[in-house]
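Here is how the chains run, residue by residue.
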Amino acid sequence: MTTPILQAKGICKYFGPITALEDVDLQVSAGEVLGVIGDNGAGKSTLMKAFSGLVPASKGEIWFQGKPVKFHSPRDARNLGIEMVYQDLALAGNLPIAQNIYLGRDPTKRFGFINRIDHKRCLEMSQEHLDTLKIHVKNAGQKVEDLSGGQRQAVAVARATAFDANLVIMDEPTAALAVKEVSKVLELIKRLKSLNVAVIIISHRMDDIFAVCDRVMALFHGKNFAEAYINETSHDELIGWVMGASQHRETV
Amino acid sequence: MKNQPAETSAELASENLTAKISIILDSYGILLLIALMMIILHILQPDVFFTWRNLTNVFKQTAWQATLALGMFIVIVTAGIDLSVGSILMLSLMSLAIVSKAGFPWFVVMVVPIVVGIICGCINGIGITKLRMPHPFIMTLGTLYLFRGVGNLISGGVPISGFSEQVNFLGSGRIKLEWLLGSGAREYIPVSLIFVIIMYLVVWFYLEHTQHGRWIFGIGGNPNAARAVGINVDNMLILVYTICGGLAGFAALILAGRTNSGYPNAGLQSELDAIAAVIIGGASFFGGRGTVIGVFSGVFLMGLLRNGLNLMDVSVFWQQITIGVIIIIAVYLDVLRREIGTRK
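Residues numbered from 1 in each chain as written. Chains lettered and ligands numbered in written order. Predicted model: local features only at pLDDT ≥ 70, side-chain atom pairs only at ≥ 80, totals over all residues.

Going by an unreviewed UniProt entry, chain B carries the name Putative branched-chain amino acid transport system / permease component and comes from uncultured marine microorganism HF4000_APKG2K17. You can read under Subcellular location (unreviewed entry) in the UniProt record for chain B the words "Cell membrane". (UniProt positions renumbered as here; feature names shortened; annotations may be inferred.)

Laid out in structure tokens, this is it:
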């Protein structure tokens, strides 16, 4: 078995007296799609935010590409190629698509002694990137607030993949979408996989899990509950895991 | 059920036209308003209004307010507010006056208000972020009292007048136009106007063409998005309030030059004027929207209004009422325009 690109051991997260995560392990390899399921409040989003650096873990180790790493802010994680698509998408509606994709890492050129943003190149790069992902928008200069839900989701994915991501984490990427838009996002996930990117996807929709995931793990009350390869499990079993009840299996 | 009528080309064209008009109004609406006001004032006061002297007067009177409003604008873009700019201005001005009276050389006297402004702004920024104040309104409401109190304390609450020529240069210096208009010409350009234009250009470049600028707009649009992409939102906010304070320091320097004195009532309620100018200029109170040219127009519009009403001998009370009405109308027009803009 290849070494996992991301390996987390004994992750704990406390919010004051509340224990959100307790001793959680997780691993994912390049080109693998891992599904994470669990009931509301099971700690899925918190776990992902620990990997994206937004909410650093209280305890535990994270190994990335075989090296131990510490994330203090999303910047640390992004520098390693770990990108996250948040449930609320975290886009700035007042900015154009292009500037959202490159927000925080805008392409610049020297202008005297200062770096000025290269707006033209930003537009061109965005358009090119959107084309590779086969995302269609009128033009990359459009404001994000004028887009549909699916288009916004696509922009969020585009931002996550604009800089050769190694690992893309998606929190409920299809929850707010129309049926037609869901299949597009699932296609995007498959395309990422074919580019040898590791993907972790949180979802309540079992259909999505079965459509794209290689492996699935369940969290229950902030702890590892069960895990299986997708072809060794069933819809009903996964539902059981979410409830924290039936057919408890040991990790694979 | 009604049949959906096929859109005729005429309908499409008219839709296009509305869209175009909305874009034009979006960018230049306030400039049109200013032009209209100038024409009306010219008709009402044909001998006085359109004279070099009167117009430069408007600029000289509004230069310090324009500087204050510029700082307020950057803060409002982040969806914040700085109620303390008037007090920062006063504290900077009194510090300048004290240092000047103590006999320090002119360049020290000129640097002091800027440094004081920067320190005050930094205090605001640190309070808002590190003390985790629920809203900038509260922190800057506190410092509104605090800074003015300190200003009164250090000056004893009495005016201090008489600065050197160099210190007054920014606020009351003149660039004569004899070389352009022939000797004997009395026309001039106020130095403060040149300074304000440079200041606005610098801030425009900063906001539109640097990463910081885009981050500031990003924070205003969605602070969570900014955080998620790794922008250090707290540090950016501290920087923004510090810039705002520094600009208030510059405003103090301009005002010092114009009045040749530091007085305890300086900048009283000017934070409200600054907010009004920014809002009239089309910036969104909820952050992420607005232009530098809009802010300048907002300041100029208020200056013109006061000037025009003064010329026509309208009482100050009516001026207050008029400005109040204009703020409400300006924002209402903005609401209408947005509705047209988003109608699909």
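There is more to say after this.
Along the backbone of chain A there are eight helices and twelve strands. A globule of 252 residues ought to have a C-alpha radius of gyration of about 18 Å, and chain A, at 19 Å, matches this closely. The C-alpha extent of chain A, read off along each of the three principal axes, is 60 × 40 × 35 Å. Out of the 252 residues belonging to chain A, those deemed buried represent 44%. Long-range pairs, those at least 24 residues apart, make up 66% of the contacts in chain A with a sequence separation of at least 6. (Helix = DSSP H or I, 4+ residues; strand = E, 2+ residues; numbered from the N terminus. Rg over C-alpha atoms; globule rule 2.2 N^0.38 Å. Buried ≥ 20, exposed ≤ 12 C-beta atoms within 10 Å, placed from the backbone. Contact = placed C-beta atoms within 7 Å.)

Turning next to the pairing of strand E7 (residues 108–111) of chain A. All names here are of chain A. Here E7 pairs with strand E8 (residues 114–117) via four bridges, running antiparallel. Counterpart to Thr108 in the pairing with E8 is Ile117. Between E7 and E8, which follow one another and run antiparallel, lie two residues, and Gly112 among them has a positive phi close to 65 degrees. (Pairing = 2+ DSSP bridges.)

The interface is formed by 18 residues belonging to chain B together with 23 residues belonging to chain A. Looking at the side of chain B that touches chain A, the elements that each hand over two or more residues are helix H9 (211–221) and helix H10 (223–228) of chain B. A per-element tally of the side of chain B that touches chain A places H9 of chain B first, with six residues.

What follows deals with the UniProt feature "transmembrane region" (unreviewed entry) in chain B. When the UniProt feature table is mapped onto this chain, "transmembrane region" (unreviewed entry) is found at residues 21–44, 64–91, 103–126, 146–167, 188–207, 236–256, 277–305 and 317–336 of chain B. When the span residues 236–256 of chain B is considered, its composition is 100% helix and 0% strand, and the gap between its end C-alpha atoms is 30 Å.

The next thing to look at is the nonpolar core. Residue and element names in this part refer to chain B. Grouped together as the largest cluster of nonpolar side chains are 161 residues, with contacts concentrated most on Ala69, Met72, Leu89 and Val278. Considering every element that reaches this core, the biggest residue donor is helix H11 (residues 233–259), with 16 residues. Once you skip the residues sitting within four places of it in the chain, Val278 turns out to touch Ala69, Met72, Phe73, Ile76, Ala283, Gly290, Val295 and Gly298. (Core = buried A, V, L, I, M, F, W, Y, C linked by C-beta atoms within 7 Å.)

The next point concerns the environment of Asn94 of chain A. Counting through the fold element by element, Asn94 of chain A comes out in the loop between strand E6 (82–85) and helix H3 (97–101). Ignoring sequence-local partners within four residues, the contact set of Asn94 of chain A consists of Lys143 and Glu145 of chain A together with Phe217, Gly220, Gly221, Gly288 and Arg289 of chain B.

Here the focus is the sheet that holds strand E11 (residues 215–220) of chain A. All names here are of chain A. Spatially, the six strands line up as an open sheet ordered E6-E9-E10-E3-E11-E12, and their pairing is mixed. Looking at the sheet topology across the chains shown, the edges are occupied by E6 and strand E12 (223–229). Pairs of neighbouring strands in the sheet enclose a mean axial angle of 20 degrees, with direction left out of account. Relative to strand E9 (residues 167–171), E6 runs parallel, the two sharing four bridges. When the bridges of E9 are listed, Glu83 appears paired with Val168. (Axes fitted to C-alpha atoms, helices over the stretch in contact; angles between N-to-C directions.)

As a further point, take H9 of chain B. The buried fraction of H9 of chain B is high, at ten of eleven residues. All buried positions along H9 of chain B are accounted for by Gln211, Gly213, Arg214, Trp215, Ile216, Phe217, Gly218, Ile219, Gly220 and Gly221 of chain B.

Quick look at the sheet that holds strand E2 (residues 18–28) of chain A now. Residue and element names in this part refer to chain A. Spatially, four strands are ordered E2-E1-E4-E5 in an open sheet, and the strand pairing comes out antiparallel. Here the strands that pair on one side only, and so sit at the sheet edges, are E2 and strand E5 (67–69). Direction aside, neighbouring strands of the sheet carry axes that sit 30 degrees apart on average. Looking at chain direction, strand E1 (residues 6–15) and E2 are connected through seven bridges and run antiparallel. Within E2, the position partnered with Lys13 by the bridge is Leu21. Of the strands in this sheet, E1, E2 and strand E4 (59–64) are in contact with helix H1 (residues 44–52), which crosses E1 at around 115 degrees.

It is worth spelling out unusual backbone geometry at this point. Residues and elements named next belong to chain B. Located in the positive-phi region is Ala79, a residue other than glycine, with phi close to 70 degrees. Among the secondary structure elements, Ala79 is positioned in the loop between helix H2 (52–77) and helix H3 (85–101). Take Ala79: there are 19 C-beta atoms within 10 Å of it, and that puts it in the partly exposed class. Its identity is not glycine, yet Asp313 carries a phi of approximately 65 degrees, on the positive side. Of note, Asp313 is situated in the loop between helix H13 (292–311) and helix H14 (316–342). Overall, Asp313 belongs to the exposed group, with 6 C-beta atoms counted inside 10 Å.

Moving on: the packing of helix H5 (residues 149–161) of chain A against helix H6 (residues 179–194) of chain A. Residues and elements named next belong to chain A. Between H5 and H6, the least distance of the axes is 9 Å, while the angle of their chain directions is 10 degrees. One finds that H5 runs roughly parallel with respect to H6. On H6, the residues that touch Gly149, Gly150, Gln153, Val157 and Thr161 of H5 are Glu181, Lys184, Val185, Leu188 and Leu192. The residue makeup of the contact of H5 with H6, split by class, is four nonpolar, four polar and two charged. (Parallel < 35°, antiparallel > 145°, perpendicular 65-115°, else oblique. Nonpolar A, V, L, I, M, F, W, Y, C, P; charged D, E, K, R; others polar.)

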